[in-house]
Amino acid sequence: MLTAGSGCAGDNAASGAVTTITALDYYTDKSEHTQWGRLLSACGRSAGVRVEHRSVPGPSLVPTVLRQASARELPDVLMLDNADVQQVAETGALTPLSDFGVDTGGYSPGIASAGTYRGKVYGVTPAVNAAVLFYNKDMLDEAGVAVPRTWDELKAAAQRLTRPGRYGMAVSAGNTAESSWQFLPFLWSNGGEETDLGDPRATEALGLWTDLVKSGAMSRSVLNWDQADVHDQFAAGRTAMMINGPWRISALEKAGDIRWGTAPIPVRERGQSVVTALGGELWTVPTTASPARQAKAAEVIDCLTGRDTMLTVAGQYSTVPARTAVAEEYVEHKPSMAVFADAVEHARARTARVGTAWPKVADRIHRAIQLALTGEKTPAEALAEARRREP
C-alpha cells in the first residue's frame, strides 16, 4: 500500500530528511516498467532520494488514484494519461507545479493545455505522440498508388489496394476511447468539434469511415480492433495502410521485411490543416501532507522533463520530445520522425474544449462510430443519437 500521504514513509526521523519517495504509473509491460524504473531511479539519485516504483493496469489507474486520494495515501510522483489530468486535478488531488518551481515552459499550446486546469499547470512530460498514416511502400508501388493526401484520394487508394486477403485501409474503430482518439483528427481537420456532433462536418468525417467499410476497402472487423490489432494486420500484410502512433515503429523495424512509410492523416480537401489528438502521459505531484516529499517529487519531474531525458525517452519509445526546441533537435538527427513531430506540434488536447467531460464525450463518439460502421444507423443518425446522450 502506498503511504505517501502520511508524510512519514521514507523520511529520516532523526534528521527530517526525505530519503525515499513513491511513484505510480500504468507501465505494467515488463520491459516498459523496467525502462521507466531506471529513469525514475536515475532522476531520484539526482534529487538525492530513492524512488519506489509501482505500476497498475491502465484502466485501474484513475480509480486507484481517486481511492488513494480519499484515503490520503497518494504517491509522491504520479503519471496520468494527458486526458485524465484535468479530471484528477478537479478533485484537488494534484498540486500546481509552479508551487515547486518546476519548469513548465517550451511546450506547444496543445501540450501545455493538456496539463493545465483553471489556469494552473499540473502536469508535464518528457515525450508525446500523435497518430499518422502508415503505408506499405511496396504495395502502393505495385498498385501504382500515390500516398493519399485527401479523403477522396484515400478512398480511391484503399479501393485499388484491396484484394483477396488484404484490405486497403485499417483504423481502430472498437467501442473504446482508442477509436475516439483515432477519429478526432478526421473530425477536427474538417472543422468539426466534439462539442457539436450534429454539425455536417462531423457527419462527413464519420461518413468517410463508413464509406471505407461499405466499399469493402476496410474490414468490418475494425469494429473490434484496438490499435495493437491494427498494427498486427499491417505487419502481417493484411492491410496496406493504417492509422497508428509512433510507438509501433520499433515493432515494425523488428519485422524487417516491410518497407513502410508515414504521412500526415489525409484531410477532406487540400488546404485544410491536419489537427491531431495529443497522445502521451503527464507527470504530476499529488497533494500530500509532506511539502518536503512534494519538493523532492518536483525535482524528479524536473529531471524527467529535462533535455537529456526527453531525448532518451523519445529514442526508447519512438515518440517525440515534448519541448519544441528539443523536438527540433531530435528530428535533425532522426528525419524519419519529422511527420510525427509536426503532428505533435499541431496536436490538440482532448480536454481542450470539453475539459473534465472528455471521458463521457469519448464514450458518445465511439458509440456513434459503432452504430454507423455496423450499418445500424446512418452517420447522421448515429451522431444525432450521440447528441441525445449528452448530459
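Here is what the cut-offs are and how they apply
- Residues numbered from 1 in each chain as written.
- Predicted model: local features only at pLDDT ≥ 70, side-chain atom pairs only at ≥ 80, totals over all residues.
- Heavy atoms only, no water.
- UniProt positions renumbered as here; feature names shortened; annotations may be inferred.
- Helix = DSSP H or I, 4+ residues; strand = E, 2+ residues; numbered from the N terminus.
- Rg over C-alpha atoms; globule rule 2.2 N^0.38 Å.
- Buried < 20%, exposed > 50% of the residue type's maximum accessible area, 1.4 Å probe, protein only.
- Contact = heavy atoms within 4.5 Å.
- Areas by Shrake-Rupley, 256 points an atom, 1.4 Å probe, with all protein chains shown as cover.
- 1 Å grid on protein atoms, 1.4 Å probe; cavity = no way out; pocket = protein on both sides within 12 Å on 5 of 7 lines; lining within 4 Å.
- Points joined across faces, edges and corners; volume = space filled by probe spheres on them.
- Nonpolar A, V, L, I, M, F, W, Y, C, P; charged D, E, K, R; others polar.
- Axes fitted to C-alpha atoms, helices over the stretch in contact; angles between N-to-C directions.
- Parallel < 35°, antiparallel > 145°, perpendicular 65-115°, else oblique.
- Left-handed = near helix turned anticlockwise from the far one by under 90°.
- Disulfide = S-S within 2.5 Å.
- Pairing = 2+ DSSP bridges.
- Expected span 1.5 Å × (residues − 1).
- Bend = angle between axes of the 7 residues up to and from the residue.

For the chain, the name recorded in an unreviewed UniProt entry is Multiple sugar transport system substrate-binding protein, with Streptomyces griseoviridis as its organism. Of the chain, the UniProt comment under Sequence similarities (unreviewed entry) reads exactly: "Belongs to the bacterial solute-binding protein 1 family."

What follows covers the overall build of the chain. From N to C terminus, the chain includes 16 helices and 12 strands. A compact globule built from 391 residues would reach a C-alpha radius of gyration of about 21 Å, and the chain, at 22 Å, matches this within 12%. Overall size of the chain, expressed as C-alpha extent along the three principal axes, is 75 × 45 × 35 Å. A buried classification covers 55% of the 391 residues belonging to the chain. Expressed as a percentage of contacts within the chain between residues at least 6 apart in sequence, the contacts between residues at least 24 apart total 74%. A total of about 15,800 Å² of accessible surface is found on the chain, and carbon and sulfur atoms cover 48% of it.

Its volume calculated, the largest pocket comes out at about 1,500 Å³. At the level of secondary structure, the elements contributing two or more residues to the lining of the largest pocket comprise α1 (30-47), α2 (58-71), α7 (177-189), α9 (227-235), α10 (249-255), β11 (281-284), α12 (307-317) and α15 (358-373). If you tally residues by element for the lining of the largest pocket, the top one is α2, at 5 residues. Among the residues forming the lining of the largest pocket, the class breakdown is 21 nonpolar, 12 polar and 10 charged.

Turning next to the environment of G355. Looking at the element boundaries, G355 is found in the loop between α14 (338-345) and α15. The spacing of G355 and E253 is 102 residues in sequence and 37 Å in space, taken between C-alpha atoms.

The contact between α1 and helix α11 (residues 291-304) brings their axes to 8 Å, and the two run at 120°. Comparing the axis directions of α1 and α11 gives the class oblique. Judged by the sense of rotation from one axis to the other, the crossing of α1 with α11 is right-handed. Contact with α1, carried on its side by W36, L39, L40, C43, G44, S46 and A47, involves K296, E299, V300, C303 and L304 of α11 and no other residues of that element. Looking at side-chain class alone, the contact of α1 with α11 contains 8 nonpolar, 2 polar and 2 charged residues.

Summed over all chains, the structure comprises 1 disulfide. At a sulfur-sulfur separation of 2.2 Å, the disulfide partner of C43 is C303. One quick way to see it: the torsion about the S-S bond of C43 and C303 is about -70°, and its sign makes the bridge left-handed. With a gap of 260 residues between them, C43 in helix α1 and C303 in helix α11 connect regions that are remote in the sequence. Its relative accessible area of 2% is what places C43 among the buried residues.

What follows covers the pairing of β11. Burial along β11 is two-sided: the face carrying E281 and W283 and the face carrying L282 and T284 are both buried. Sheet topology note: the strand β3 (residues 77-81)/β11 ladder contains 4 bridges and is antiparallel. The residue bridging M79 from the neighbouring strand is W283, located in β11. Strand direction decides the pairing type here: strand β6 (residues 123-124) and β11, joined by 2 bridges, are antiparallel. When the sheet's bridge partners are listed, G123 is paired in β11 with T284.

A few words on the sheet that holds strand β8 (residues 132-136). Here 3 strands make up an open sheet; going across it, the order is β9-β8-β10 and the pairing antiparallel. Every other strand in the sheet has two partners, leaving β9 (241-244) and β10 (260-263) as the edge strands with one partner each. Ignoring which end each strand starts from, the neighbouring axes of this sheet average 30° apart. Pairing geometry for β8 and β9, over 4 bridges, is antiparallel. By the bridge assignment for β9, L133 is matched with I243.

For the structure on display, the rule yields 1 cavity of 30 Å³ or more. The volume enclosed by the largest cavity comes to roughly 40 Å³. If you trace the largest cavity, you find it lined by T104, Y107, I111, A112, V121, G123 and V124. Elements supplying a minimum of two residues to the lining of the largest cavity: α4 (109-114) and β6. Its residues assigned to classes, the lining of the largest cavity comprises 5 nonpolar, 2 polar and no charged.

Another point: the packing of α15 against helix α16 (residues 379-388). For the pair α15 and α16, the least separation of the axes is 8 Å and the interaxial angle reads 150°. Taken together, the axes of α15 and α16 are roughly antiparallel relative to one another. Read as a crossing pair, α15 and α16 show a hand that is right-handed. Between α15, through R364, R367, A368, L371 and A372, and α16, the contact on the second element is made entirely by P379, A382, L383, E385 and A386.

Counted at 1.5 Å a residue, the expected span for α7 with its 13 residues is 18 Å, and the 19 Å between its end C-alpha atoms agrees. F183 marks the point of greatest bend in α7, at about 35°, and the proline P185 comes within the next four residues. Taking burial as the measure, the 13 residues of α7 include 11 buried ones, the bulk of the element. What α7 keeps buried is the set S179, S180, W181, Q182, F183, L184, P185, F186, L187, W188 and S189.

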